[in-house]
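Structure assessment
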Amino acid sequence: MAGDERKRAKRRVFSGIQPSGDVQLGNYLGAIKGWVERQDAKENYFCIVDLHAITTPQKPEELRRQTRSLAAMLFAAGLDPEKCTVFIQSHVTAHAEGCWALNCVTPVGWLERMTQYKDKISRQESVATGLLDYPVLMAADILLYDADEVPVGDDQRQHVELTRDIAQRFNHLYGDTFKVPEAVIPEAGARVMGLDDPTVKMSKSYAHIRGHAVNLLDEPKEIERSFKRAVTDSGNDIRFSDDPEKAGVNNLLGVYKAITGRSREEVEADFAGARGYGDLKARVAEAVIEELRPLRERHHRLMNDVGELDRLLAVGAEQAGAVSENKLKEVKRRMGLVIPGEQ
Ligand code: AMP
Ligand code: TRP
């Protein structure tokens, strides 16, 4: 068990977000919004995982821009550098080193079974080793901080399960070293679906498809248009439902619920007097526009002051490095690597 753990006043939270592609509404409602809401109650580490991003081909200039843009977005969404640690993964070298150490205790078979990996390789001709290794790097991210909780969307649950398995295996082989973390899946907005196709998860990978995703930086007019075009069904019943036919309406209500924080019953009551799906779409669009307006403005200000943005990120990297490098040293010691100055 971590030496500092007994003294910890708050539970420690670690989460990561990829800088590949622009941040969309699913990322915001499924991840970032919850991080902001919980920043007072927990000790938080938020990592922009650029090393994960390069497991698939990236355009260097784009990646650099997107990484800073994401950082600006996290601060714009309300993460407060006084309360939490926001940093870029590649700025803290312990992550890559920790990944190597964990690679050496992780059976390849565990990685080949990962659903996301199988899904990704089915869409690619050539696969980089890094893509297979992706979940081990994620395990290093989490375990180096002795995180108690890992808030992620539903799609990442399997990777957190694997992280637990790796931690237990390491602890078994080398003695109690890592805390076994838990995934925390947000209830509201856990899975935002595509507006063009409510059977697939909204994703920045499909952001090029018109009408699929809402980008957090979209202008109000564009957001309105995206919702107007959203796929629904031929009925007029506005209620939550598991019926695949009603996946579109269910998704719109889910988005509204996640933004307003109201219960299912309250949301359904809100729309009791609505005049059909047109009305529903307009009101959900309005809620999204008002939620995102201040974010877009703050993001714009930070992107025009890269010096300030990089300063905030340097502070984050220093805080993160202090914690993870200490843990990495413990890992190296356990594994029999020579630590300079130690017996
Ligand atoms: P990614 O875009 O895959 O790096 O995801 C970053 C975070 O956002 C993770 O916690 C994801 O699970 C979450 N996320 C991404 N897309 C969605 C979505 N459509 N609905 C809910 N959460 C999502
Ligand atoms: N794989 C995660 C995703 O795509 C991102 C991630 C990387 C992460 N490292 C992490 C999430 C550590 C939580 C904890 O969403």
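Not measured: the values here are computed from a predicted model.

When the domains of the protein are assigned, the result is domain 1 (12–190 + 305–335) and domain 2 (204–300). Between the C-alpha centres of domain 1 and domain 2 there is a distance of 29 Å. Facing the 19 residues of domain 1 at the interface are 17 residues of domain 2. The three residues of domain 1 that bury the most area against domain 2 are Leu25, Met73 and Ala76, which together make up 32% of that side's buried surface. Here domain 1 and domain 2 share one salt bridge between them. With a closest N to O distance of 3.0 Å, Lys33 and Glu291 form a salt bridge. For the side of domain 1 that touches domain 2, the secondary structure elements donating two or more residues are α1 (25–37) and α3 (60–76).

Here we take up the pairing of strand β2 (residues 43–48). Burial within β2 is extensive, with five of its six residues counted as buried. Here β2 runs beside strand β3 (residues 84–88); their pairing, made up of five bridges, is parallel. Residue pairing across strands places Cys47 opposite Phe87, the latter belonging to β3.

In the neighbourhood of ligand 2, 13 residues make up the surrounding shell, with Gly16, Tyr134, Met138, Asp141 and Gln156 lying closest. Taking Tyr134, its side chain carries an N or O atom lying 2.7 Å from a nitrogen atom of ligand 2. In the environment of ligand 2, a nitrogen atom lies 2.7 Å from a nitrogen or oxygen atom belonging to the side chain of Asp141. Computed on the free molecule, ligand 2 has an accessible area of 370 Å², of which 90% lies beneath the protein chains in the complex. Breaking the shell around ligand 2 down by element, the ones donating at least two residues are β1 (12–17) and α7 (129–143). If one sorts the elements of the shell around ligand 2 by residue count, α7 sits on top with four residues. Counted by class, the shell around ligand 2 contains seven nonpolar, five polar and one charged residues.

Looking now at the site of ligand 1. Around ligand 1, 17 residues are found, and the nearest of them are Asn27, Asp155, Val192, Met202 and Lys204. At a separation of 3.3 Å, an oxygen atom of ligand 1 approaches a polar backbone atom of Gln18. Calculation on ligand 1 without its partners gives an accessible area of 480 Å², and the protein chains cover 92% of this total. If one sorts the elements of the shell around ligand 1 by residue count, α1 sits on top with four residues. Its residues assigned to classes, the shell around ligand 1 comprises six nonpolar, seven polar and four charged.

Definitions and limits used
Residues numbered from 1 in each chain as written. Chains lettered and ligands numbered in written order. Predicted model: local features only at pLDDT ≥ 70, side-chain atom pairs only at ≥ 80, totals over all residues. Heavy atoms only, no water. Domains from an automatic or database assignment. Contact = heavy atoms within 4.5 Å. Buried area = accessible area lost by both parts, 1.4 Å probe. Salt bridge = Lys/Arg side-chain N within 4 Å of Asp/Glu carboxyl O. Helix = DSSP H or I, 4+ residues; strand = E, 2+ residues; numbered from the N terminus. Buried < 20%, exposed > 50% of the residue type's maximum accessible area, 1.4 Å probe, protein only. Pairing = 2+ DSSP bridges. Near = heavy atom within 4 Å. Polar contact = N/O pair within 3.5 Å; in protein donor to acceptor, adjacent residues only side chain to side chain. Areas by Shrake-Rupley, 256 points an atom, 1.4 Å probe, with all protein chains shown as cover. Nonpolar A, V, L, I, M, F, W, Y, C, P; charged D, E, K, R; others polar.

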